[in-house]
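The chain contents come next:
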Amino acid sequence: MRRWADASSALVRTRCKRRTYSSLQTQKQPTVDPQQHVHPRRDPAALVAPELDCLRQSLLSLLGSAHPGLDEIAKYYFLHPSKQMRPLLVLLFARATNGLGAGWREKRWAAECEGAGGRAEELDRPLARADVLNDWNPSMPDSTTSFESVFSLIPPSPRVVRPRMPAEFAFDAPGSPAPMLSDALLPTQRRLAQIVEMIHVASLLHDDVIDASALRRGAPSAPAAFGNKLAVLGGDFLLGRASTALSRLGDVEVVELIASVIANLVEGEILQMKDVYTPGLGLVATPAASRDAWSVYLKKTYLKTASLMAKGCRASVILGGGAQGEVWKEAAYAFGRNFGLAFQLVDDVLDYEAGEATLGKPGGADLQLGLATGPALYAWEEHPEMGPLILRKFEQAGDVELARSLVRRSSGVARTRALARAHSEKARELLQVLPESEARDALEVLTERVITRTW
Ligand code: FPP
Ligand code: MG
């Protein structure tokens, strides 16, 4: 596995003499001590632990702003530890598929050849002139335009000519090695892991305003700490910075995919909101039957949770050279979609179970938000009196308590768990199209732990 990767790096150095090349192995990268190797069966995150450790730190520099208040809010949720599930999926899928796609050799070349756009430092470099882009980010290598005078015409900078890829890196070059898994993670894939986390955190900032949450991860939520307006603006700022970073990945298919996730998150949230007229999403009025309610619920679950995981995994494979007509990016999307659905279904179960078991208070916080998730929808099938409560979003006095008791007297929680398991098993089955690897093992373990929640 390593032999091919090393041979490829050597080729880059010998064939491209006029430019400086850096091998991915020699770039400043987190190092793994072989003595400390933890088998992915024990800890699925161990395989990419060094990358995950660095992720937050280097992410903070993407979020710097000359406005100190904005800076503080944007970074707020990154200061508390979290599972970083979405970056973990992106990085593991990269490790499980890099080297297999027709475009791998080209992507690898771009990650090593100066000026080709894929090296780590190039992902920090503005595409537009720094004074035009006016990032106002003191941590980034660009400058701030002065507003003390009128802006004059600035002579155009010389055209930047990108290096041409030597013919031998083309996927169909004569004598090219057979596709084989590579250990290398590309800088673009590391950056993608950061981008998906930024988008996730942006959505949490907005979500905590919508849900009026006082706490997140045991600390005051951003709206509680800074107020609603700044929490919303902080989320918007994160999205802006994530979009800039996304464009610098230089892959329009990935830009399209990840931009569509932002729209999906909003669509999912709207679908979940009370009394919203959304004919384009298939919800014209409040669903009148449990079957319609299920279809809205599952659609919302995909949009709100699974889309970022599915499209994040797919984008990771594309950045690793996965091409049209190959199974890799299809497997990534199908895996992420099933995994994401399982993840949210279990979250919805835990909303009932965790409250009772760990908080010593009745579960079903979602009911208080007017939300009928899997357990309540299954309970509707067994107790028709649940229907009116769901349709009026548990708004009348006593509705929440009655709904909670109906869920408890039904098999709703067990059936939601079983549905989550069906999706997680499908996700595991999909992994079988990938060659054996530690990353595949780690992904497999995640499909078990998404159910047991023993991260
Ligand atoms: C958490 O849900 C929230 C989400 C998974 C997505 C929220 C999406 C938006 C608010 C749309 C705006 C999106 C962007 C990108 C600005 P939850 O309330 O079920 O979970 P929680 O218990 O963690 O709050
Ligand atoms: Mg919430």
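Residues numbered from 1 in each chain as written. Chains lettered and ligands numbered in written order. Predicted model: local features only at pLDDT ≥ 70, side-chain atom pairs only at ≥ 80, totals over all residues. Heavy atoms only, no water.

For the chain, an unreviewed UniProt entry supplies the name (2E,6E)-farnesyl diphosphate synthase and the organism Mycena maculata. Under the heading Sequence similarities (unreviewed entry), UniProt records this for the chain: "Belongs to the FPP/GGPP synthase family." The Cofactor (unreviewed entry) comment attached to the chain in UniProt states, word for word, "Mg(2+)". (UniProt positions renumbered as here; feature names shortened; annotations may be inferred.)

Q: Sorry, what's going on with the site of ligand 1 here?
A: In the vicinity of ligand 1, the contacting residues are S203, H206, D207, I210, D211, R216, L239, L265, V266, E269 and K304. Here an oxygen atom of ligand 1 and a side-chain polar atom of R216 are 2.7 Å apart. With respect to ligand 1, the side chain of K304 contributes an N or O atom lying 2.8 Å from an oxygen atom. Relative to its unbound accessible surface of 630 Å², ligand 1 loses 81% to contact with the protein. Within the residue set of the shell around ligand 1, elements represented by two or more residues are helix 7 (187–210) and helix 10 (252–272). Ranked by residue count, the leading element in the shell around ligand 1 is helix 7, at 4 residues. In terms of residue class, the shell around ligand 1 is built from 4 nonpolar, 2 polar and 5 charged. (Near = heavy atom within 4 Å. Polar contact = N/O pair within 3.5 Å; in protein donor to acceptor, adjacent residues only side chain to side chain. Areas by Shrake-Rupley, 256 points an atom, 1.4 Å probe, with all protein chains shown as cover. Helix = DSSP H or I, 4+ residues; strand = E, 2+ residues; numbered from the N terminus. Nonpolar A, V, L, I, M, F, W, Y, C, P; charged D, E, K, R; others polar.)

Q: Can you help me understand the packing of helix 17 (residues 412–430) against helix 18 (residues 438–452) in this one?
A: Packed helices, taken two at a time, are described by the angle between their axes plus the distance between the axes. Their axes nearest at 9 Å, the elements helix 17 and helix 18 cross at an angle of 175 degrees. When the axes of helix 17 and helix 18 are compared, the pair comes out roughly antiparallel. Two secondary-structure elements touch here, helix 17 through R417, A420, R421, S424, A427 and R428 and helix 18 through E444, T447, E448, V450 and I451. Taken together, the residues that form the contact of helix 17 with helix 18 break down as 4 nonpolar, 2 polar and 5 charged. (Axes fitted to C-alpha atoms, helices over the stretch in contact; angles between N-to-C directions. Parallel < 35°, antiparallel > 145°, perpendicular 65-115°, else oblique. Contact = heavy atoms within 4.5 Å.)

Q: How should I be thinking about the pattern of salt bridges in this particular structure?
A: Close approach of charged atoms allows side chains of opposite charge to pair. One pass over the structure, following the stated rule, counts 18 salt bridges. Between K329 and E253 there is a salt bridge, with the nearest N and O atoms lying 2.8 Å from each other. One end of the pair, K329, is in helix 12 (residues 328–357); the other, E253, is in helix 10, and 76 residues separate them in sequence. The salt bridge involving D347 is made with R453; its shortest N-O contact spans 2.7 Å. Of this pair, D347 sits in helix 12 while R453 sits in the segment after helix 18, placing them 106 residues apart in sequence. Judged by its relative accessible area of 29%, D347 falls in the partly exposed class. (Salt bridge = Lys/Arg side-chain N within 4 Å of Asp/Glu carboxyl O. Buried < 20%, exposed > 50% of the residue type's maximum accessible area, 1.4 Å probe, protein only.)

Q: Can you walk me through the nonpolar core in this structure?
A: What tends to happen in soluble globular proteins is that the nonpolar side chains get buried as a cluster. Core analysis: the biggest nonpolar cluster contains 96 residues, and F339 and M386 have the highest contact counts within it. If near-sequence neighbours (up to four positions away) are discounted, F339 is found in contact with M85, L89, M309, A427, L446, T447, V450 and W455. Counting residues in each nonpolar core, the second largest holds 6 residues, with V296, Y302, L303 and A306 among its members. (Core = buried A, V, L, I, M, F, W, Y, C linked by side-chain atoms within 4.5 Å.)

Q: Teacher, can you tell me more about the environment of L205 here?
A: Relative to the helices and strands, L205 resides in helix 7. With relative accessibility at 1%, the residue L205 sits in the buried group. In the structure, L205 is positioned 16 residues away from S221 in sequence and 8.2 Å away in space, judged by C-alpha atoms. Ignoring any residue separated from it by four or fewer positions in sequence, one finds L205 in contact with I73, Y77, A222, A231, G234, G235 and L238.

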